[in-house]
Amino acid sequence: MIEEDDVIIHFWQDIVDQALLAKASDIHIEPENGVSHVRLRVDGCLSHLRSSPAHWHDRLSSRVKILARLDISEKRLPQDGQMLLNGSKRSESANFNNIDCRVSTLPTLHGEKIVLRVLSKQEADLDINKIGLDQAQQQNLLHCLEQAQGMILVTGPTGSGKTQTLYSCLKYLMDGSRNITSIEDPVEIQLQGINQVPINEKAGLRFDVALRALMRQDPDIIMVGEIRDSVTAKIALQAAETGHLVLATLHANNAPSAIFRLKQLGCSHSDIANNVSCITAQRLVRTFCKACKDNPTKTQTRLCAVCNSTGFYGRTAVHQVMRLSDQLRQLVESEAALSAIQAQCHTEKIFTLKESAQSLIAAGLSSENEIRRHIA
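Residues numbered from 1 in each chain as written. Predicted model: local features only at pLDDT ≥ 70, side-chain atom pairs only at ≥ 80, totals over all residues. Heavy atoms only, no water.

Draft legend 1. A look at the packing of helix H7 (residues 255-264) against helix H11 (residues 338-347). Where H7 contacts H11, the axes come no closer than 9 Å and their chain directions differ by 145 degrees. The handedness of the crossing between H7 and H11 comes out as right-handed. Taking contact as the criterion, the partners of Pro-256, Ser-257, Ile-259 and Phe-260 in H7 are, on H11, Leu-338, Ile-341, Gln-342 and Cys-345. Of the residues belonging to the contact of H7 with H11, the class tally is 6 nonpolar, 2 polar and no charged. (Axes fitted to C-alpha atoms, helices over the stretch in contact; angles between N-to-C directions. Helix = DSSP H or I, 4+ residues; strand = E, 2+ residues; numbered from the N terminus. Left-handed = near helix turned anticlockwise from the far one by under 90°. Contact = heavy atoms within 4.5 Å. Nonpolar A, V, L, I, M, F, W, Y, C, P; charged D, E, K, R; others polar.)

Shown next, in the form of structure tokens:
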């Protein structure tokens, strides 16, 4: 039994080492009938890492649950937790230490499926000059960040890099003279100089509850990890109206459609027009592997060790930055159609996501097919 436990410990450490070296964003441990699979999500794509016998799965899941301080006896209900990942001293991953990781378990037909989200972004990665904005987009965003009040929304699907963009904005704003507080579920990157509030819905600490309490804490800048409901949306807009700079994420396909998403959440046209200063949308797209690109004669028999012969290595963000001009505010307040707002964006030379992505293709950094996968 002890020997088998040692095998599981080493097996798990090997998975961690491989995930950290591959810069995986997620680790999937999936039970099937008679076998258990481990898959890694790298640059947005899932790939198979290895398989193990089915009887190892329960021991591996128990190992992960112990590290994440979850209840190992509870297998009928989903659980969520957090843990730290550390690279093995005997491998190249030794430089990776204390990497935050979010753990989620889910009962399935053949056992518990476990997904670990690797929150590997470090403070050094948070640079507003390195998040993929072109010069005009960056100027518009910085102009809104330098205002004393207003709401800046970052939109996009899950996994599109919204959190890194928000943190990069917060780091840009940190000068020691302002009270900056974030409300998140969960706190993904610990940033010195910012008061970070983790949501705890089981205890009753929801986004709207935390936001109401925060308004009595003399804040200057507020970050709301995600606007999920009408109550949070309205309180956030009220905060922007009463002299605070509010940064938040919202699920929307592009910048103009975020206005209509706020309307669906019960916000008035007047409040949106008067208080929202900038809306950005973004997607993450894979970029070509430089090792493959520099070696066009590479054959299938000589696999690329950098990208595992996928042809891509790393991702970059494609942005749409819509700073609300007087004309756009008038359209929003007059309840203009989405097509009218999009036409005004075109007049003001606000690039769509697809138009912004063309610069990557022109620079030879990505492909039409890759862009098409992420941007409709």
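Draft legend 2. How the structure looks around the pattern of salt bridges. Going through the model one piece at a time under the given rule, you end up with 15 salt bridges. One salt bridge connects Asp-185 with Arg-228, and the closest N-O pair in it is separated by 3.0 Å. Residue Asp-185 is located in the loop between strand E8 (180-184) and strand E9 (195-198), and its partner Arg-228 is located in the loop between strand E10 (221-224) and helix H6 (230-241); the two are separated by 43 residues in the primary sequence. The class for Arg-228 is partly exposed, based on a relative accessible area of 33%. (Salt bridge = Lys/Arg side-chain N within 4 Å of Asp/Glu carboxyl O. Buried < 20%, exposed > 50% of the residue type's maximum accessible area, 1.4 Å probe, protein only.)

Draft legend 3. Seen up close, the sheet that holds E8. Across the sheet, 7 strands lie side by side as E9-E8-E10-E11-E7-E12-E13; this open sheet has mixed pairing. Each end of this open sheet is capped by a strand with a single partner; those strands are E9 and strand E13 (312-323). Within this sheet the neighbouring strands show an average axis-to-axis angle of 15 degrees, counted without direction. Direction of pairing for E8 relative to E9: parallel, over a ladder of 4 bridges. Residue pairing across strands places Ser-182 opposite Gln-196, the latter belonging to E9. (Pairing = 2+ DSSP bridges.)

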